[in-house]
Structures are given as structure tokens and as C-alpha cells.
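Structural description and commentary
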Amino acid sequence: MMRIRLSIKLFLAFFLILAMSVCALFLARYLSARNVAHFMHQLDLQRLEPLVPLLQEEYRSLDNWDGFRKDPRRLDHLLRRSPEMERSFRPPLPPNGAPPSPHGGPGPGPHGGGPSRVFLLDANRLTVVGKPESGDKDQMISITVDGRTVGYLGMTHLEPFGSGPPAALLQRQTMQFYLLGAGLIALTALIALLFSRHLLVPIRRLMRGTEALADRNFTIRIRATTGDELGQLAKNFNVMAQTLENYEQMRRQWLTDISHELRTPLAVLRGEIEGILDGIREPTPDNLSSLHGEILRIGKIVEDLHLLSMADADRLQLNKQRVLPATILDPIAAIYQPRFERCGLQLELKLDDTKTAWIDGDADRLAQVFNNILNNAYKYVAPPGALAIIGRVEENQVRLSFRDTGPGVPEEALDRLFDRLFRVDASRSRNTGGSGLGLSICRDIIENHGGRIWAENSVGGGLIIEIALPRSDGTSQ
């Protein structure tokens, strides 16, 4: 299949529109001339009306048209009764001055000019006087005597632009139409060429940009030179390229972090097992318990990664029911209460305002969120310290605030706190710092509930984790 370039298509499209416009212009000129001729012919027929009574009298005297057949000049005599009517229906003489004398038709009148254009037909549309042409019989005036049609009166069609000043006017107009059409063609060709270039330059840039993206060159950017849709498309392309570049960086960092997360417990497992195989270490319950702990840690990392992958693919299943967040949080806090006390931490719950605030949610997934947040506080809050969980209802939302006494998080790290595998202190040990996936899982679960979760530093130097969940239609029970 032959491939036609876009510039040629644009040029041909403009040229086709122009050609249609020029054709419409010439058609309008032709129809205008035809309409003028038809209008003038209708005026001539109206001027024939005074001749009808005279022909009726002539027919009554003989009861036929034989008198006109024998002497065609009788119709000319009737026309002479009205000099104005005679001049209207007698064409001018040819340039040589010789009046044509049609067979059977009246000769030149006393006022000069050629033979009369008027013709007379009998009831059977047979010619009595004159020489009508085929098209002249389409429009005639009927002559009736005593309620019956005895003949028809008409006249030959005269082309108004056949000769003389009207013909010269038509010729000048035609020449002007030709010049105008040629000028329009040249101007449109120039505009089409410039416009196609104006369109194709940014399109070619986009083509080169998409080819670069296909080659995984996500640093490509396109310069937006216009403020129209093509310029907006270039800006959207740059945003897409920036997003892809960010995702590529995240992907590489993601693979690096995952391999690093799994390498440490696997290295520990390998060292422990090789030590047992080499007889350096004994397979005591303590050593086996250590191996079991590392296996559980690897399993937890894999399970978290699986959960995040389902969230990315929008396949995170939620078994939503009407639940009370306060009733989910109470038993979890009761489990962590002894642990906090052993570490010199206080755990305080203020959930009275949310005891009757219902939401549509998955109790198990929300419990997973609360467990992650409490576990982080248990690991990171420095003793002696405290964690206060405050619940409140604001308009159509249930708000839960987890406020600890610190240490806080640097301001530049707050926005990344929920990123996957992100830790504020990268050098912190894996045993204390976890995998860095917990808060990412919390964000995905809360967002799948239609809520929001974010972090901010408190005035006292601690960290605040805020959760906002939409209330259900039945706000109380």
C-alpha cells in the first residue's frame, strides 16, 4: 500500500476545498445568468397579456385562425397598436442592417428592428404564426373563447447576454472570475504549504520523542513552541516522559532494595546452615529458632511484596462491611499495652468521640494498618515516651491521630515516609528498622477505603500519623 505523507494530504485537502469553492463560484455565476434570463422571459410573458383580448376578438370573427395563417402580418398589425409592446418583442437588427425574414413570420415593423419574437399556436399546439423552438412551448399564455382553449400565445426565448453590452459585461465578469480563481488557487497553495509546515514541525518532534521513549530514553523532552493543542500535547508528552523517568528510577531502586532486603536474611540463613553442616555449630533449639526467625522474616517480606503488587494491579480484595474503627483499634492497643510498658512507653487511647462512628471497611485490613503503625511506634519512640491515639468525627469523616513523643522525622523525609522500602535512617539495622514496606501497605489499604493517610511533625518534636476515613450513610447505630 502506497504511503502518502501527511504534508501532501494536508495540501490536497486544502486544494480540494479550494477547487470546490471555485466550482461553486462558477456555478453561482451560471445560475445567476440563467435566473436573470428566466426572470426577463417571465416579464415578457406578462407584457403579452394585453394582446390576448385582441386575439380573442379576431378568433370570434372567423371562429378559426385561418386569417392569421393566410396573412401572418395580421399579428404584426396587432403589435403595432402598442409601440411599447412592439419594441419589447422585436429584437434589434443584426450589425449589417439586413432584417431577417423568417418563413411565415411577420417582417420588420415600422419602428425598426428584426421580426417579432411573438408566436401563435392553435389549440393543438400547431404553429399559426412565428417559428417557436422546442423550449419556447414550455411557457405560454392560453387563449380561451367561450370557456374553451383555442390557442396559445408565446414568444421565442431571447438570450439576454447574447450580444451587445450585456454580452460584454458577462465577458468581463467571466474574466474577473478566472483571475479571482487563479489568485485563490495560488494563495491557498501558499497557505496550505505554510500551514502544513506549521503542523508538521511539532508532529515530527513528537514522533522523534515517541521513538526515543520506545528506546527507553526517558530523559527526552519536547520544546513547546505554540500555545494551541499541539503545544499542550508537547507539554503532556513531557509530563509523561518525566513520569516514566521517575518510574524507571523507582523500578531500579525497587529492585536494588528488594535484593538488599532478601540478601541479608538469606546470608544469615546460609551462614547458619553451613556452620551446622560443617560441624562448627550445633543444631540446638536456639540455633534452629534463629533460622526459623529468618525464614519468617523472609516470608513476611514476600507477603508484603505480594500485597503491594495486588494493590498496584487494583486486585487488592476488600471485604467491606459496616464497622466501627474504634472497636477494631481497642483490642490491638490492648495487645501492645504490655509491650509498651516493658519498654517504658505509655499508650493512651481517646476514642470516645468515635465509638458510634461507622464506616464501610474491611476489618482485617484496617487491623493490619493499626498493627503496622503501633509496631513502628513500639520500635522507634524513644523511652521514656508515649503514644496517644485520638479519635474524632469531622463532618463526614472519621479521623484517627497517632501522636508520639519522638524522635520526629526530618521535614524533607515526610513526603517519602510512605514510599516503599524507604527508611529515614538507611543505616538502621534490619532487625530494628523492618523492611520499609509497612507504611506503604498502610497507604494502599487506606486509599482503597477511599480515605487518606499522611504524616506531619508535632510541635513537641514527635511524629503524627493522620488517617481520615469516609463515614458510611448510616452514621450511627
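Residues numbered from 1 in each chain as written. Predicted model: local features only at pLDDT ≥ 70, side-chain atom pairs only at ≥ 80, totals over all residues. Heavy atoms only, no water.

1. Thoughts on the packing of aromatic side chains
Let me state the cut-off plainly: Two rings from Phe, Tyr or Trp (for Trp, the six-membered ring) form a pair when their centres are within 6.5 Å of each other. A pair whose planes differ by under 30 degrees is stacked, one over 60 is edge-to-face, and the rest are tilted. Each helix is a run of DSSP H or I of at least 4 residues and each strand a run of E of at least 2, with the numbering of both proceeding from the N terminus. The criterion is that NZ of a Lys, or CZ of an Arg, lies within 6 Å of the ring centre and within 35 degrees of the ring normal, and then a charge sits over that ring.
The final tally for this structure, using the stated rule, is 5 aromatic pairs. Seen in terms of ring centroids, F370 and F402 are 6.2 Å apart; in terms of plane orientation they differ by 35°. Their pairing is tilted. You can see F370 sitting in helix 10 (residues 363–380) and its partner F402 sitting in strand 9 (residues 397–404), a full 32 residues away along the chain. Above the plane of the ring of F68 lies R74, whose end atom (NZ or CZ) is 5.1 Å from the centre.

2. Here's the deal with the pattern of salt bridges
Let me state the cut-off plainly: Salt bridge, as applied in this entry: a Lys or Arg side-chain nitrogen positioned within 4 Å of an Asp or Glu carboxyl oxygen. Throughout, exposure labels follow a simple rule: accessible area from a 1.4 Å probe, protein chains only, divided by the maximum for the residue type, with under 20% read as buried, over 50% as exposed, and the rest as partly exposed.
Per the stated rule, a full pass over the model turns up 18 salt bridges. The partner of D330 in a salt bridge is K355, and the shortest N-O contact between them spans 3.0 Å. A residue pair is termed long-range when its members are at least 10 positions apart, and D330 in helix 9 (residues 325–342) and K355 in the loop between strand 6 (345–350) and strand 7 (359–361) qualify at 25 residues. Classification of D330 as partly exposed rests on a relative accessible area of 29%.

3. Thoughts on the packing of helix 9 against helix 10
We count it as follows: For every element, the axis is a line fit to its C-alpha atoms; helices are fit only across the contacting stretch, and the angle between N-to-C directions ranges from 0 to 180 degrees. Throughout this description, any angle smaller than 35 degrees is read as roughly parallel, any larger than 145 degrees as roughly antiparallel, any in the 65 to 115 degree range as roughly perpendicular, and the remainder as oblique. Working rule for handedness: look at the near helix, and if it is turned counterclockwise from the far one by less than a right angle, call the crossing left-handed; if clockwise, right-handed. Any pair of residues with heavy atoms lying within 4.5 Å of one another is described as a contacting pair. Just so you know the grouping, Ala, Val, Leu, Ile, Met, Phe, Trp, Tyr, Cys and Pro go in nonpolar, Asp, Glu, Lys and Arg go in charged, and all remaining residues, Gly too, go in polar.
Direction vectors running N to C along helix 9 and helix 10 enclose 30°, while the axes themselves pass 10 Å from each other. When the axis of helix 9 is compared with that of helix 10, the two are roughly parallel. Like other packed secondary-structure pairs, helix 9 and helix 10 cross with a definite hand, here right-handed. On helix 10, the residues that touch P325, I328, L329, I332, A333, Y336, R339 and F340 of helix 9 are A363, L366, A367, F370, N371, L374, N375, A377 and Y378. Grouping the constituent residues of the contact of helix 9 with helix 10 by class yields 14 nonpolar, 2 polar and 1 charged.

4. Observations regarding the sheet that holds strand 10 (residues 452–457)
Applied cut-off: One bridge is not enough; two strands pair if DSSP finds at least two bridges between them.
Pairing within the open sheet is mixed, and its 5 strands lie in the order 6-8-9-11-10. Edge positions in the sheet fall to strand 6 and strand 10, since each of these pairs with one other strand and no more. Shown here is a sheet whose adjacent strand axes are inclined to one another by a mean of 15°, direction ignored. Most of the contacts of helix 9 go to strand 6, to which it runs at about 165°, and overall it touches strand 6, strand 8 (385–394) and strand 9. In the packing of helix 10 onto the sheet, contacts are made with strand 6, strand 8, strand 9, strand 10 and strand 11 (463–470), and the angle to strand 11 comes to roughly 170°.

5. As for the sheet that holds strand 1 (residues 118–122)
If you trace the 4 strands from one edge of the open sheet to the other, you get 2-1-4-3, paired in antiparallel fashion. Lying at the two open borders of the sheet, with one neighbouring strand each, are strand 2 (127–129) and strand 3 (141–145). Across the sheet, the mean angle separating the axes of adjacent strands is 35° when strand polarity is ignored. Pairing of strand 1 with strand 2, which is carried by 2 bridges, proceeds in the antiparallel orientation. For L120, the partnering residue across the bridge sits in strand 2 and is V129. Against the sheet, helix 2 (residues 51–62) contacts strand 1, strand 3 and strand 4 (148–155), and its axis sits at roughly 40° relative to strand 3.

6. Overview of the nonpolar core
Note the cut-off: Throughout this description, the term nonpolar core refers to a set of buried Ala, Val, Leu, Ile, Met, Phe, Trp, Tyr and Cys residues connected via side-chain atoms within 4.5 Å.
Formed by 51 residues in total, the largest nonpolar core has its most connected members in F370, F402, I465 and I467. Counting 21 residues, the second largest nonpolar core, distinct from the first, contains L54, W65, F68 and I141.

7. Focus on empty space enclosed by the protein
Convention followed: Buriedness for pockets is judged along seven lines, at least five of which must meet protein on both sides within 12 Å for an open set on the 1 Å grid over protein atoms alone, while cavities are sets there where a 1.4 Å probe fits but cannot get out, and lining residues have an atom within 4 Å of a point. Grid points are joined across faces, edges and corners, and a volume is the space filled by probe spheres set on the points.
Applying the stated criterion across every chain, the model contains 1 cavity of 30 Å³ or more. Taken as a whole, the largest cavity encloses approximately 50 Å³ of empty space. Taken together, P202, R205, L206, I222, R223, A224, T225, T226, L230, G231 and A234 form the lining of the largest cavity. Taken together, the residues of the lining of the largest cavity sort by class into 6 nonpolar, 3 polar and 2 charged.

8. Observations concerning the pairing of strand 11
Of all 8 residues that make up strand 11, 7 are buried, and the element is covered over most of its length. In the sheet, strand 9 pairs with strand 11 via 7 bridges, with the strands oriented antiparallel. What sits directly across from R399, in strand 11, is A468. In this structure, strand 10 lies alongside strand 11, joined through 6 bridges in antiparallel fashion. In the sheet register, A455 faces strand 11, and the bridge partner there is I465. Joining the antiparallel neighbours strand 10 and strand 11 is a turn of 5 residues, in which G461 adopts a positive phi near 100°.

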